[in-house]
Amino acid sequence: MTTSGTGPGPIPGPTENSLRRALKRARDGVALDVAEAAVLLQARGEALEDLAASAARVRDAGLEAAGRPGVITYSKSVFIPLTRLCRDKCHYCTFVTVPGKLRRAGHGMFMSPDEVLDVARRGAALGCKEALITLGDKPEERWPEAREWLDAHGYDDTIAYVRAISVRILEETGLLPHLNPGVMSWTDFQRLKPVAPSMGMMLETTATRLWSEPGGPHHGSPDKEPAVRLRVLEDAGRSSVPFTSGILIGIGETYEERAQSLFALRKVSRAYHGIQELIIQNFRAKPDTAMRGMPDAELDELVATVAVARHIMGPSACLQAPPNLVDSEYGRLIGAGVDDWGGVSPLTIDHVNPERPWPQIDELAEKSAAAGFELRERLCVYPEFVGRGEPWLDPRLLPHVRALADPQTGLAVPDAVVEGHPWQEPEEVFVPSGRTDLHRTIDTEGRTSDRRDDFDEVYGDWAALREAAAPGMVPERIDTDVRQALATAADDPTKLTDGEALALLHADGPALDALTSIADDVRRSAVGDDVTYIVTRNINFTNVCYTGCRFCAFAQRRTDADAYTLSLDQVADRAQQAWELGAVEVCMQGGIHPDLPGTAYFDIAKAVKERVPGMHVHAFSPMEVVNGATRTGLSIREWLTAAKEAGLDSIPGTAAEILDDEVRWVLTKGKLPAATWIEVVTTAHELGIRSSSTMMYGHVDQPRHWLGHLRTLAGIQQRTGGFTEFVTLPFIHTNAPVYLAGISRPGPTVRDNRAVTAMARLLLHPYIPNIQTSWVKLGTEGAAEMLRSGANDLGGTLMEETISRMAGSSYGSYKSVKDLVAVADAAGRPARPRTTLYGEVPEERQRAAAESDGHLPQLLPVLD
């Protein structure tokens with residue numbers, strides 16, 4: 001038995017044979033598993049030297065491939081402890097304090113802007129290029145004094161202050177903010193990404209017991225739950241944020257738990273390609289903490305962990321060990337595979353480890369040279385991400401980064417002038433460019449293959465996605481009696497249990513016929529026989545987007561042959577042309593263009609209203625709403641209020657896909673989580689902005705996901721009454737990346753379409769009375785069949801439809817009123833026009849539509 005300074009007590013050491021086998025696998029470059037990694041973490045003496053040597057070879061291969069052989073990096077930084085208040089209670093931390101101590105020391109609850117800028121300016125004068133902003137997690141949720149300070153200074157929360165001070169640092173000093181605000185939500189990342197080229201948060205450990213059990217180092221700290229911290233790492237990847245993470249060793253974890261933490265980091269890194277560096281930090285006991293009697297993690301522990309981390313993470317990973325925590329034993333860490341020393345400040349102390357001063361940069365260079373390495377300065381954002389550019393670097397940050405980066409290497413220019421530059425939205429956003437004949441023809445010029453050339457990089461790791469998608473695509477066994485479920489549906493569909501609803505969602509054959517008949521009867525009693533439609537025009541104002549949705553073939557990079565952006569005049573021209581053709585609505589959505597300021601959506605709505613005051617502006621998906629809010633620094637409620645004042649009348653309930661994050665994170669890389677979609681539409685409804693609701697199905701989902709989605713929508717409608725209709729959106733697979741990668745199904749079957757339409761009618765009854773089917777996705781015959789299965793609405797004439805066309809739909813971009821009436825006729829039903837809110841259409845609009853029906857004029861091109 002041996003006792004590890006990192007374990008909970010005496011543990012058996014590895015056998016000689018197991019250590020020998022693991023060392024050989026490491027030397028041979030064979031992938032390690034958790035058990036082998038745990039064995040290697042215990043290597044000591046000659047075995048440790050062997051392990052370190054093989055790890056160093058892996059590191060050297062990576063540096064060679066990156067074009068910087070023999071280079072070890074650091075960042076010249078200032079450490080800015082924005083607030084030392086925190087809602088967590090980690091048992092080893094001296095960084096965090098309480099309001100009373102801050103007051104007695106003459107400090108505020110937060111550093112003031114003047115205090116922050118004074119440190120940043122002095123750092124800039126010394127050639128520092130990074131402002132490391134570190135703070136406690138959500139202090140306002142524990143300390144009233146923190147809440148009072150934020151309120152007094154006009155900030156909604158700590159993240160708002162972090163954003164504001166980051167902008168001032170950029171503009172007034174030229175330093176690049178690297179943000180460590182602790183646990184962040186997906187929305188927090190959207191708020192902070194435009195103001196910081198990189199962010200970070202230590203994973204520390206995946207050992208849940210160290211958080212959940214009384215006496216554990218993280219007990220009583222809600223933000224230290226491993227699952228929460230892993231979610232943050234994933235959200236950073238989804239948001240394309242260059243992210244720093246790492247582990248803290250010696251806090252009571254076992255060797256196996258330490259190995260599991262490293263493998264968890266590797267999994268996230270492979271899935272999103274967003275972890276820019278990994279810090280291996282050794283625990284140091286501090287006085288006046290609950291863990292003051294805990295032994296420090298020994299140097300051999302650190303060296304072994306660095307070496308194992310290098311083998312697990314591979315040659316391309318960047319590994320850092322803080323040089324101020326190792327008593328000048330730099331050579332051993334270099335020999336174990338590190339390639340970075342992290343932030344080193346010539347000005348400020350390490351406020352997390354104040355008893356451990358930074359080494360002098362000259363000393364660090366000398367020690368590195370003694371080990372055969374040249375010390376080079378980098379920025380807070382690593383060279384790889386400087387080179388990647390969009391979407392990893394926000395356009396508003398590019399001038400700041402380029403002012404300090406060597407364009408060839410991505411490293412820092414050591415003698416660059418560090419001075420402030422304006423932080424502003426890109427100029428001339430609405431510059432007309434590209435093609436807009438995509439509603440008719442795709443790729444007659446431009447891409448000739450079925451996928452974009454960065455297919456294997458832009459969407460994340462396809463192998464990891466296959467693994468993630470597999471559990472969700474396993475069908476469930478249904479034991480509920482379908483006959484009883486049909487009886488309940490016929491008697492009172494509001495009484496359907498989840499079991500009965502699932503049975504009906506799986507119905508086929510005669511049971512499916514009976515289900516659609518019941519749904520059709522409910523439709524007749526709820527809304528009558530009229531089939532409604534709307535004369536509308538789709539205006540997709542840009543298809544430039546870097547969100548990385550894996551079901552979308554519409555999104556293009558700005559340099560792609562099929563990319564385009566409309567000017568405000570061209571948007572207004574299209575709205576005016578639609579009005580002349582009898583339209584009562586324009587539906588406007590676009591890609592998440594990196595240059596698009598959050599106020600651009602207001603400009604679009606104003607442009608339409610100024611040109612055609614009577615047009616209903618149905619625009620901006622919840623994803624676009626969040627994009628607008630986070631780019632402007634407004635809350636979702638504030639942004640929607642401003643959008644309404646600018647002319648927004650209602651919003652499309654798209655971007656919902658499936659409101660289950662298990663499915664969403666396979667379908668999308670960077671789109672908003674389900675909870676945020678719900679927040680947006682609920683807030684819109686509370687402000688009197690109505691919305692549609694949608695569900696895209698037939699990809700990596702199952703009927704249980706459809707049920708959960710429909711129940712969620714019904715619950716929202718019961719609370720707000722804001723949905724105008726529910727729209728079924730069958731997945732178009734043809735050009736979808738997730739299908740081309742062999743992960744999704746080829747869209748829903750006819751059975752699926754009938755069952756979803758019928759069950760939408762039953763499960764949303766009586767809350768959402770209008771069920772819309774999509775002719776652009778199903779065609780005329782398919783839409784008529786859905787009208788016999790519970791649907792009562794055909795949607796719009798569209799005039800110009802791009803998104804489904806680029807996905808591979810073959811059913812066109814325009815249906816005349818006569819075409820839509822013919823679909824209703826095929827279902828044996830009358831048809832009538834409607835407004836967006838399902839009101840009566842004025843006679844003048846009906847006459848204009850009738851006069852132009854079937855005679856769609858030449859659609860306006862982007863380029864004159």
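Keep in mind the model is a prediction, meaning the values are calculated, not measured. (Residues numbered from 1 in each chain as written. Predicted model: local features only at pLDDT ≥ 70, side-chain atom pairs only at ≥ 80, totals over all residues. Heavy atoms only, no water.)

(A) Representation of the overall build of the protein. Scanning the protein from N- to C-terminus turns up 34 helices and 23 strands. Looking at the protein as a whole, 62% of its 864 residues qualify as buried. When contacts within the protein are restricted to residue pairs at least 6 apart in sequence, long-range pairs at least 24 apart make up 78% of them. (Helix = DSSP H or I, 4+ residues; strand = E, 2+ residues; numbered from the N terminus. Buried < 20%, exposed > 50% of the residue type's maximum accessible area, 1.4 Å probe, protein only. Contact = heavy atoms within 4.5 Å.)

(B) Region of the structure containing the pattern of salt bridges. Under the definition given, this model contains 52 salt bridges. Close ionic contact of Arg-20 with Glu-16 constitutes a salt bridge, the shortest N to O distance being 3.1 Å. Here Arg-20 and its partner Glu-16 are both found in helix α1 (residues 16-27), four residues apart, which amounts to about one turn of the helix. Among the residues examined, Glu-16 registers a relative accessible area of 61% and is labelled exposed. In this structure, the salt-bridge partner of Glu-145 is Arg-103, at a minimum N-O distance of 3.9 Å. Residue Glu-145 is found in helix α6 (residues 144-152), and its partner Arg-103 is found in helix α4 (residues 99-104); the two are separated by 42 residues along the sequence. Look at the salt bridges and you will find they share partners, linking Asp-520, Asp-521, Arg-523, Arg-524 and Asp-529 into a network. (Salt bridge = Lys/Arg side-chain N within 4 Å of Asp/Glu carboxyl O.)

(C) Spotlight on the layout of surface pockets. Here the second largest pocket is characterised by a volume of approximately 810 Å³. Along the walls of the second largest pocket sit 35 residues, with Arg-84, Thr-94, Phe-95, Val-96 and Thr-97 positioned nearest its centre. Sorting elements by how many residues they give to the lining of the second largest pocket places strand β3 (residues 71-83) first, with five residues. Taken together, the residues that form the lining of the second largest pocket break down as 19 nonpolar, seven polar and nine charged. (1 Å grid on protein atoms, 1.4 Å probe; cavity = no way out; pocket = protein on both sides within 12 Å on 5 of 7 lines; lining within 4 Å. Points joined across faces, edges and corners; volume = space filled by probe spheres on them. Nonpolar A, V, L, I, M, F, W, Y, C, P; charged D, E, K, R; others polar.)

(D) Main features of the side chain of Ser-245. Among the structural elements, Ser-245 can be located in strand β7 (residues 243-249). Owing to a relative accessible area of 0%, Ser-245 belongs among the buried residues under this scheme. Here Met-201 takes part through its backbone oxygen, which lies 2.9 Å from a polar atom of the side chain of Ser-245. (Polar contact = N/O pair within 3.5 Å; in protein donor to acceptor, adjacent residues only side chain to side chain.)

(E) Representation of the nonpolar core within the structure. In this structure, Phe-243 and Trp-341 are the most contacted members of the largest nonpolar core, which totals 126 residues. Residue contributions to this core peak at nine residues, all from helix α12 (residues 299-313). Residues Leu-512, Ala-578, Val-617 and Phe-726 belong to the second largest nonpolar core, which totals 123 residues. (Core = buried A, V, L, I, M, F, W, Y, C linked by side-chain atoms within 4.5 Å.)

(F) Layout of α12. Over its 15 residues, α12 runs 21 Å from end to end, which matches the ideal 21 Å to within 8%, given 1.5 Å per residue. Most of α12 is tucked away, with 13 of its 15 residues classed as buried. Positive backbone phi, approximately 95°, marks Gly-314, located one or two places after α12. (Expected span 1.5 Å × (residues − 1).)

(G) Representation of unusual backbone geometry in the model. In this structure, Pro-391 follows Glu-390 across a cis peptide bond, with omega equal to 0°. Position of Pro-391 relative to the elements: it lies in the loop between α15 (383-388) and α16 (398-402). In this chain, His-765 is followed by Pro-766 through a cis amide linkage whose omega measures 0°. Secondary-structure assignment places Pro-766 in the loop between α30 (750-763) and β21 (771-772). Of note in this structure, Lys-138 is not a glycine but carries a positive phi near 40°. If you trace the backbone, Lys-138 turns up in the loop between β4 (130-135) and α6. According to the relative accessible area criterion, Lys-138 is partly exposed, its value standing at 22%. Positive phi values are uncommon outside glycine, yet Phe-620 reaches one of about 75°.

(H) Representation of the pairing of strand β10 (residues 340-344) within the structure. Most of β10 sits out of view: four of its five residues are buried. Pairing of β3 with β10 involves three bridges; the strand directions are parallel. Note that in β10 the partner of Thr-73 across the bridge is Asp-340. (Pairing = 2+ DSSP bridges.)

(I) The arrangement of helix α33 (residues 817-826) in detail. Those residues of α33 lying buried are Val-817, Leu-820, Val-823 and Ala-824. Looking down the long axis of α33, one finds its buried residues gathered within 120° of arc, a one-sided arrangement. Looking at α33, the residues exposed on the side facing more than 90 degrees away from the buried face are Lys-818 and Asp-825. On its buried face, α33 is in contact with β13 (531-534), α31 (775-787), β22 (793-796) and β23 (831-833). One or two residues past the end of α33 sits Gly-828, with phi positive at roughly 75°. (Arc of directions from axis to C-beta.)

(J) View of the side chain of Ser-774. Summarising the element assignment, Ser-774 is placed in the loop between β21 and α31. Other than its neighbours up to four places away in sequence, Ser-774 contacts Thr-728 and Gly-779.

(K) Quick peek at the environment of Glu-657. Topologically, Glu-657 is positioned in the loop between β18 (650-651) and α26 (661-667). The buried category is assigned to Glu-657, whose relative accessible area is 6%. In sequence terms Glu-657 and Phe-731 are 74 residues apart; their C-alpha atoms lie 9.3 Å from each other. When residues no more than four places from it in sequence are discounted, the contact partners of Glu-657 are Phe-551, Arg-664, Leu-667, Lys-671, Thr-694, Met-695, Met-696 and His-709. Among the polar contacts made by the side chain of Glu-657, one reaches the side chain of Lys-671 at a distance of 2.8 Å.

(L) Representation of the packing of helix α24 (residues 622-632) against helix α25 (residues 636-646) within the structure. For the pair α24 and α25, interaxial distance at closest approach is 9 Å and the crossing angle is 105°. Relative to α25, the element α24 is oriented roughly perpendicular. Touching Val-625, Val-626, Gly-628, Ala-629 and Thr-632 of α24 are Ile-636, Trp-639 and Leu-640, all from α25. Of the residues that constitute the contact of α24 with α25, the class distribution is six nonpolar, two polar and no charged. (Axes fitted to C-alpha atoms, helices over the stretch in contact; angles between N-to-C directions. Parallel < 35°, antiparallel > 145°, perpendicular 65-115°, else oblique.)

(M) Layout of the pairing of strand β5 (residues 176-180). Within β5, five of the five residues are buried, which leaves the element mostly enclosed by the surrounding structure. Of the two faces of β5, the one carrying Leu-176, His-178 and Asn-180 and the one carrying Pro-177 and Leu-179 are both buried. Where β4 meets β5, five bridges bridge the pair, whose relative direction is parallel. Bridging across to β5, Glu-130 finds its partner in Leu-176. Here two bridges tie β5 to strand β6 (residues 198-200), and the two strands are oriented parallel to one another. The residue bridging Leu-179 from the neighbouring strand is Met-199, located in β6. Following the backbone out of β5, through helix α8 (residues 186-192) and into the adjacent parallel β6, one traces a crossover that is right-handed. (Right-handed = clockwise from strand over helix to strand, strands pointing away.)

(N) Seen up close, the packing of aromatic side chains. Here the structure, examined in full by the defined rule, presents 16 aromatic pairs. On the numbers, 4.9 Å between centres and 55° between planes, the contact of Trp-149 with Tyr-161 is tilted. Residue Trp-149 is found in helix α6, and its partner Tyr-161 is found in helix α7 (residues 158-172); the two are separated by twelve residues along the sequence. The exposure classification of Trp-149 matches that of Tyr-161, with both residues buried. One cation-aromatic arrangement involves Arg-388 over Trp-392; the distance from NZ or CZ to the ring centre is 4.8 Å. Of note, Arg-845 hangs over the ring of Trp-579, and the distance from its end group to the ring centre comes to 3.6 Å. (Phe/Tyr/Trp six-rings, centres within 6.5 Å; stacked < 30°, edge-to-face > 60°. Lys NZ or Arg CZ within 6 Å of the ring centre and 35° of its normal.)

(O) Examining the confidence of the model for the protein more closely. A residue-level look at the protein finds 90% of positions with pLDDT of 70 or above and a mean pLDDT of 89. Here residues 1-9 is a poorly scored stretch, pLDDT under 50, and it has 29 contacts once near neighbours within four places are set aside; other chains count. (pLDDT = per-residue confidence, 0-100.)

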